[in-house]
Amino acid sequence: MPLNLKLPQIDNNPILLAETRPAKIESFISGLPFGDPIRAATDLIEELQALNSQKVAYANRLNALELYRPAGLQIFLDLIPHFTHASLPISKNEQAFADTAALLWQEFALGYKAALMELQNKILNISNAKSSAIVIQRAIHAIKEQMLVGYLTYKTPDNDMWGELHQLYFSAAHQNAERLTLPDSTQPNNESSVSLVYIQACLMALANPSHLSGTDIIKTSAYITRTAHLASLRALGLIENPAGVFLIKLDGKSPPVPFSKNQSVPDSETDILLLTVDLARTIHNHIKSLQNGIALENHIFPDAANEHHLDLLKQLIKHFGKPPVRIFHRSKKTDGVEMNIGIRAVHYGLSKEPKFTHPLSTITSPRASRWQILNASAGGYSLRKFNSSQAAVHVGDIVAIKNIKAMQWEIAIVRWANINPLNQLDVGLQLISPRVDAASVSNGKGGTSSEALLLPELPAIKQAATILLPQGSGTAGETIHMTADGKEAVIKLTQVIERTPMFTRYQYDLI
């Protein structure tokens, strides 16, 4: 399969020659304004663009890219916090940081792809497999990080990125270079390979990042980096159990798909399998450890493992084990709905006046926003934000929705978000209750009150009554004072039903 890669346009008459002298490059890097990540990234991008747009000897190009790469990684890590926690739709300022981060890795990818083509086009090709492996691995890594920026801004990577990833891996495999051990400071033990970084890119897509908060996308990326060696690639063959088996079409432009959901006949020449069974077993063991109060190794997550990581691992095992089966069918709709986003806004919409003030609440009363229903099922909705609507939403937000025909608010959770090619914000909601009541809670007399939401018992689906509190406002086993519908009560928070970065949902007992 011949390579068909996006390559930089060559300037045959450059005004300034690209710098390839190591001492000059090191001096340039030491002078970068690392305290200002956008400026530092812009300066580095300009150097990479000059390098990528000129004819440069293969060895000089590779050496220059390798010198620039550690600085690029440091700048990238400094850019990420400026858009990871952004609400959707993302602001222009936050988007500027994201665009700069994506452009930085795009230029690195172009540089390494150019080096690969120069290597393959040598008249006297004395290159070995390791020379090809290093530029292919670096190119795949750069595209993978560019994809990560897309995930963090809820934009689906375009098909051309996947097409290039597959081509690059196929090229390495054709040269038997895909498993060669390569030095790489971005990886565990400072070692990597073409296969390893390619698997990392595939696993990140399978983790369904549009269903994760920005913080969890970063944590998932770090977790996959540490555990991707447990997944493997192999040729087509007998499959006894399709769970944890995914099909990759190396001549296509799509991410891996569960083998059981593939609709076409696999091609043994260009199709391979990704196996995640051993990875799923390890995730299961990590879940058991956290449930038993056993701390995971410090490097498993970028920060100390806690209860929220347990929830994240439970989500990952669903994707790397047996893919979930859709229960409800969707039907297209064109109705509009009002939506209140977040506990405070839902509370205000129910009570019509802010009876209780959360410590972090703003003075401005929250307002419902207008959304278009794209489709609906018994379990939820897919919505699109009207351009004129003022709304800010995160994956994991609790929301209340009411359409024109409904007389009461329904409660749902934002399960996924996506910015489509027309820059429109789409979200997916899972309904969790057809009714909700406003309440306030405090830790005792004279304590500060905060908003809470009460969801009634639903005997038909064996769902107990629950209370939703802002994240960090309570713990299982804690006794708190509650006021609802003018009545006071003391309750004990018992079982945690669900946690997101925005709220925790508890079962409770009246005392």
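Up top you'll find the structure we're talking about.
Residues numbered from 1 in each chain as written. Predicted model: local features only at pLDDT ≥ 70, side-chain atom pairs only at ≥ 80, totals over all residues. Heavy atoms only, no water.

Asker: What's the story with the pattern of salt bridges in this structure? I'm lost.
Answerer: Should the charged atoms of two oppositely charged side chains come close, the side chains can pair. The tally for this structure, following the rule as stated, stands at 14 salt bridges. For R281, the salt bridge is made with D278, and the minimal N-O distance between the two is 2.8 Å. Highlighted residues: R281 and D278, both in helix α10 (residues 277–291), separated by 3 residues, approximately one helical turn. In this structure, E498 engages R415 in a salt bridge whose closest nitrogen and oxygen atoms are separated by 2.5 Å. (Salt bridge = Lys/Arg side-chain N within 4 Å of Asp/Glu carboxyl O. Helix = DSSP H or I, 4+ residues; strand = E, 2+ residues; numbered from the N terminus.)

Asker: How should the packing of helix α9 (residues 214–227) against helix α11 (residues 307–320) be read in this particular structure?
Answerer: To describe two helices that pack against each other, one gives the angle between their axes and the distance between the axes. Between α9 and α11, the least distance of the axes is 11 Å, while the angle of their chain directions is 65°. One way to sum up the angle between α9 and α11 is to call them roughly perpendicular. α11 is crossed by α9, and the crossing has right-handed handedness. Taken together, the residues of α11 that come into contact with α9 (itself represented by D216, K219, T220, Y223 and I224) are H308, H309, L312, L313, L316 and F320. (Axes fitted to C-alpha atoms, helices over the stretch in contact; angles between N-to-C directions. Parallel < 35°, antiparallel > 145°, perpendicular 65-115°, else oblique. Left-handed = near helix turned anticlockwise from the far one by under 90°. Contact = heavy atoms within 4.5 Å.)

Asker: Teacher, can you tell me more about the environment of L313 here?
Answerer: Locating L313 in the fold gives a position in helix α11. Exposure remark for L313: the relative accessible area of 0% places this residue in the buried category. Sequence spacing of L313 and A139 is 174 residues, and the spatial spacing of their C-alpha atoms is 29 Å. The residues touching L313, leaving out its near neighbours within four places in the chain, are Y223, I283, H286, I287, L290, L296 and F301. (Buried < 20%, exposed > 50% of the residue type's maximum accessible area, 1.4 Å probe, protein only.)

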